[in-house]
Amino acid sequence: MAAFAGENMRINADRLWDTLMEMAKVGPGIAGGNNRQTLTDADAEGRVLFQKWCEDAGLTMGVDKMGTMFMTRPGTDPDALPVYVGSHLDTQPTGGKYDGVLGVLSALELARTLNDLNIKTRHPIVVTNWANEEGARFAPAMLASGVFAGIHTLEYAYGRKDPEGLSYGDELKRIGWVGEEEVGARKMHAYYEYHIEQGPILEAENKEIGVVTHCQGLWWLEFTLTGKEAHTGSTPMAMRVNAGLAMARILEMVQTVAMDAQPNAVGGVGQMFFSPNSRNVLPGKVTFSVDIRTADQDKLDSMRAKIETQAAEICAELGVGCSVEAVGHFDPVTFAPELVANVRDAAEELGYSHMDIVSGAGHDACWAAKMAPATMVMCPCVDGLSHNEAEDISKEWATAGADVLLRAVLKTAEIVE
Ligand SMILES: [Zn+2]
């Protein structure tokens, strides 16, 4: 391999941080974070600002019919497919300043740094702002990258409605960001995404860089348990058909299944409904959803099978009716080993502490991985807090990840001497 040009190349830390703080002024939240939900006026304002920054850096814009922004820095080889680097600028209603934004603006900073150093690459580099990653206003999350990857149709996406009944298609038109490009028509050489961890592991392990090897798969299993509504005072214990008790035992069992599947597996229940939910009535009907996640496909399937089998046994013993419906699913994603190695090597060469990590949340990179070799870089966030206006990172963490991103992307985009 040729000597790596720009051996000590670093991004401009002050410029990246200033750019992050400037974007955070658009769509301010109520507690120091941001409310820049997708296809709102604030989203439009953020897009225009980002477009200006990109054009000032000499990038040319393409926009697809979902409103995703592709900002291209040309390469030297007309036959070389682009390396895409991005994330999302939309936020949760009470979101932080860094979730998604760090990845998009670090990709811009990468282009700015290459301009400063007058570095050319063989492959074009495309700084990408995926539309509607969060899915807070228009479910599901990762909607535009999902259409790009052929998971959803454009018609499905355009028909998604916000809580007010406004549709994605109409709102995209209203803010003026319906692009010309067919969604998914672009071909990618590779895809990199830099994101805050949104979990507590890197900070607890005192590491600056997460080398993301996988994205967890998940099952959401919705249970409906049917017992017999009865008076809590006058029904003898032996005569009860208690759906609440069955749920309690299933919760405990899910915990055991997840603990037995360690490491790198989680399981729990976040949503429960009791009917009639009255102090002195044994519940006749209980619905709750089990959420299990792991990056290992076999483990994920075996956790699901154990939970369904054991839940049926628990319910049979208590005389409670039990039905299960799978209401959500993602397969685990294994990121491209050669790109993962680029990230790990970049961290190593730059002297940043690092560890391999699995993404606990979904990201656009998980859909991009269906189209091209993909991976992610992560930096810590304070107390693992995200989807919260108090979400916080240090300037040093932001810088370390952006330096690693730059170096890893250049390994793929190839510097032209
Ligand atoms: Zn995000």
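Residues numbered from 1 in each chain as written. Predicted model: local features only at pLDDT ≥ 70, side-chain atom pairs only at ≥ 80, totals over all residues. Heavy atoms only, no water.

Peer 1: Could you clarify how one ought to interpret the overall build of the chain in this entry?
Peer 2: Assigned secondary structure in the chain consists of 12 helices and 17 strands. By principal-axis analysis of the C-alpha atoms, the chain measures approximately 85 × 45 × 40 Å. Looking at the 417 residues of the chain, the share that counts as buried comes to 54%. Of the contacts made within the chain by residues no fewer than 6 positions apart, 80% connect residues no fewer than 24 positions apart. Total accessible area computed for the chain in this model is approximately 17500 Å², and 51% of it derives from carbon and sulfur atoms. Within the chain, the 58 negative side-chain charges are centred at a point lying 3 Å from the centre of the 34 positive side-chain charges. (Helix = DSSP H or I, 4+ residues; strand = E, 2+ residues; numbered from the N terminus. Buried < 20%, exposed > 50% of the residue type's maximum accessible area, 1.4 Å probe, protein only. Contact = heavy atoms within 4.5 Å. Areas by Shrake-Rupley, 256 points an atom, 1.4 Å probe, with all protein chains shown as cover. Lys, Arg positive; Asp, Glu negative; His and termini not counted. Charge placed at Lys NZ, Arg CZ, Asp CG, Glu CD.)

Peer 1: When you look at empty space enclosed by the protein in this model, what are you seeing that I'm missing?
Peer 2: Empty space among the atoms becomes apparent when a probe as large as a water molecule is rolled across them. Following the criterion strictly, the structure yields one cavity of 30 Å³ or more and no others. Of the voids in this model, the largest cavity is the one considered here, and its volume is about 30 Å³. In terms of lining residues, the largest cavity is bounded by T38, D43, R47, L89, D90, N129, W130, A131 and N132. Taken together, the residues that form the lining of the largest cavity break down as three nonpolar, three polar and three charged. (1 Å grid on protein atoms, 1.4 Å probe; cavity = no way out; pocket = protein on both sides within 12 Å on 5 of 7 lines; lining within 4 Å. Points joined across faces, edges and corners; volume = space filled by probe spheres on them. Nonpolar A, V, L, I, M, F, W, Y, C, P; charged D, E, K, R; others polar.)

Peer 1: Help me understand the sheet that holds strand 12 (residues 285–294), please; the structure alone is not making it clear to me.
Peer 2: By definition, the strands of a sheet pair up through backbone hydrogen bonds, in either a parallel or an antiparallel sense. Ordered in space as 10-12-8-13, the four strands form an open sheet in which the pairing is antiparallel. Single-partner strands in this sheet number two, and they are strand 10 (265–275) and strand 13 (321–330). Adjacent strand axes in the sheet meet at a mean angle of 15 degrees when their direction is disregarded. As defined by bridge partners, strand 8 (residues 217–226) adjoins strand 13 across nine bridges and the pair is classed as antiparallel. Residue pairing across strands places L221 opposite A326, the latter belonging to strand 13. Sheet strands in contact with helix 8 (residues 243–260) are strand 8, strand 10 and strand 12, and its direction is about 170 degrees off that of strand 10. Lying over the sheet, helix 9 (residues 297–318) contacts strand 8, strand 10, strand 12 and strand 13, oriented at roughly 10 degrees with respect to strand 8. (Pairing = 2+ DSSP bridges. Axes fitted to C-alpha atoms, helices over the stretch in contact; angles between N-to-C directions.)

Peer 1: How should the pattern of salt bridges be read in this particular structure?
Peer 2: Side chains that differ in charge, positive against negative, can pair when their charged atoms come close. Under the definition given, this model contains 21 salt bridges. The salt bridge involving R122 is made with E414; its shortest N-O contact spans 3.0 Å. Highlighted residues: R122 in the loop between strand 4 (120–121) and strand 5 (125–129) and E414 in the loop between helix 12 (395–413) and strand 17 (415–416), separated in sequence by 292 residues. Its relative accessible area of 33% is what places E414 among the partly exposed residues. Note that E349 is salt-bridged to K411, the shortest N-O span being 3.0 Å. Remark: K411 occurs in helix 12 and E349 occurs in helix 10 (residues 337–350); sequence separation between them is 62 residues. Each member of the salt-bridge network shares a partner with another, and the members are D41, R137, D162, E171 and R174. (Salt bridge = Lys/Arg side-chain N within 4 Å of Asp/Glu carboxyl O.)

Peer 1: Is there a simple way to explain the coordination of the zinc ion in this structure?
Peer 2: Ideal geometry at a metal centre gives angles of 109.5 degrees when four donors are arranged tetrahedrally and 90 or 180 degrees when six donors are arranged octahedrally. Protein-derived ligands of the zinc ion are H88 (NE2), D99 (OD) and H195 (NE2), with the metal-ligand distances lying across 2.0 to 2.2 Å. For the zinc ion, all donor residues lie on one chain, and their spacing in sequence is H-x10-D-x95-H. With H88 in the loop between strand 3 (83–87) and helix 3 (101–116) and H195 in strand 6 (residues 190–196), this residue pair connects regions lying 107 residues apart in the sequence. For the pair H88 and H195, one class covers both residues: buried. (Donors = N, O, S within 2.8 Å, 3.2 Å for Na, K, Ca; no water.)

Peer 1: Help me understand the layout of surface pockets in this model?
Peer 2: Reported here for the largest pocket is a volume of approximately 630 Å³. In terms of lining, the largest pocket is formed by 31 residues, of which the most central are A141, M142, L218, F330 and G362. Elements represented by at least two residues in the lining of the largest pocket include exactly strand 8, strand 13 and helix 11 (364–368). Looking at the lining of the largest pocket, the element that brings in the most residues is strand 13, giving four residues. A breakdown of the residues in the lining of the largest pocket according to their chemical character gives 13 nonpolar, 12 polar and six charged. Approximately 440 Å³ is the volume attributed to the second largest pocket. Taken together, 18 residues make up the lining of the second largest pocket; nearest its centre are I201, Q216, V358, S359 and G360. Listing elements by their share of the lining of the second largest pocket, those giving two or more residues are strand 10 and strand 15 (354–359). Counting residues per element, the lining of the second largest pocket draws most heavily on strand 15, at five residues. The class makeup of the residues in the lining of the second largest pocket is nine nonpolar, six polar and three charged.

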